[in-house]
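Inside the fold
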Amino acid sequence: MTIYETIKAAVPVRQAAEHYGLRVNRNGMACCPFHNDRNPSLKLNEEYFYCFGCGAKGDVIDFVARLFDLSNYEAAQRLAADFGISTEPGQAVAVPHKTKRPHIRQFREDEMLCFRVLTDYLHLLEDWKVRYAPRTPEDKLDDRFVEACQMLDHMEYLADILTVGTLEERGAVVDGMMKEGKIAFLQDYVARKKKEVLPHEQRSSTEPIR
Ligand SMILES: [Zn+2]
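Residues numbered from 1 in each chain as written. Predicted model: local features only at pLDDT ≥ 70, side-chain atom pairs only at ≥ 80, totals over all residues. Heavy atoms only, no water.

The name recorded for the protein chain in an unreviewed UniProt entry is Zinc finger CHC2-type domain-containing protein, from Methanosarcina mazei.

**As for the coordination of the zinc ion**
Rules: Here a donor is any nitrogen, oxygen or sulfur atom (N, O, S) within 2.8 Å of the metal, with 3.2 Å used for Na, K and Ca; water is not among the atoms considered, so some sites may look incomplete. Four donors are marked tetrahedral only if all angles between them lie between 85 and 135 degrees, whereas four are marked square planar and six octahedral if opposite donors are more than 155 degrees apart and the other angles lie between 65 and 115; the remainder are marked irregular. Strands here mean DSSP runs of E at least two residues long; helices mean DSSP runs of H or I at least four residues long; both are numbered from the N terminus. Burial here depends on accessible area, computed with a 1.4 Å probe over protein chains only, as a share of the maximum for the residue type. Under 20% is buried, over 50% is exposed, and the range in between is partly exposed.
Distances from the zinc ion to its protein donors, namely Cys32 (SG), His35 (ND1), Cys51 (SG) and Cys54 (SG), fall within the range 2.1 to 2.3 Å. Bound by 4 donor atoms, the zinc ion shows angles of 103 to 118° at the metal and therefore tetrahedral coordination geometry. Sequence positions of the residues that donate to the zinc ion give the spacing C-x2-H-x15-C-x2-C. Of this pair, Cys32 sits in the loop between strand S1 (29-30) and strand S2 (42-44) while Cys54 sits in the loop between strand S3 (49-51) and strand S4 (57-58), and the two are 22 residues apart along the sequence. Residue classification places Cys32 among the buried positions, given a relative accessible area of 4%. Exposure remark for Cys54: the relative accessible area of 35% places this residue in the partly exposed category.

**Here we look at the nonpolar core**
Note the cut-off: Only buried residues count toward a nonpolar core, which is a set of Ala, Val, Leu, Ile, Met, Phe, Trp, Tyr and Cys residues joined through side-chain atoms within 4.5 Å. Any two residues whose heavy atoms approach within 4.5 Å are treated as being in contact.
Counting 31 residues, the largest nonpolar core has Ile7, Leu42, Leu44, Phe49, Val60, Phe63 and Leu79 as its most contacted members. Elements represented by at least two residues in this core include exactly helix H1 (3-10), helix H2 (13-19), S2, S3, helix H3 (60-68) and helix H4 (72-82). Those residues in contact with Val60 that lie beyond four places of it in its chain are Ile7, Lys8, Val11, Pro12, Val13, Ala16, Glu47 and Leu79. Counting 25 residues, the second largest nonpolar core, distinct from the first, contains Leu125, Leu158, Met177 and Val190.

Have a look at this one:
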């Protein structure tokens, strides 16, 4: 058996796609990573994939080679490493180090950052809404209470999308948040405001705040 045959027999295309971050629905369809796909048009079977949008097709080796910009041999080695498949007894599987990041990886990193900052901000707003709520009708409204009332719904909506949205919906939210340093600004803002609320706690500004 060649390395290709071994890999193809061991790893269904669909499983590889899911492993590398694609969301595959019940019908075996996913948004195609090889073109700007708005609705799932990539069909994934055990043995092959086919895109009804851009015509991309092939087996699991082709899929991974294309996804990560690798040669077929490199793709096979990567699959062997990631799925723990022994290809040549006694010989270590070398995974070539690529400096170029596949865009799907980058997206997932961005998405995790957005989700973390968003939920941090959400928790802060939830806290403010209670902590700074007016006690009597005569009380002057605290800015933080007002901000919580204005922002909570929208932030919850965005967090919901990142949790259960389609790839396209999540992409739109992440794009919006990454634009013009918005996410860095919000991250910084939340960190500063958290310190105001909890002045006695030592926190590192580089670490996610819970
Ligand atoms: Zn496609």
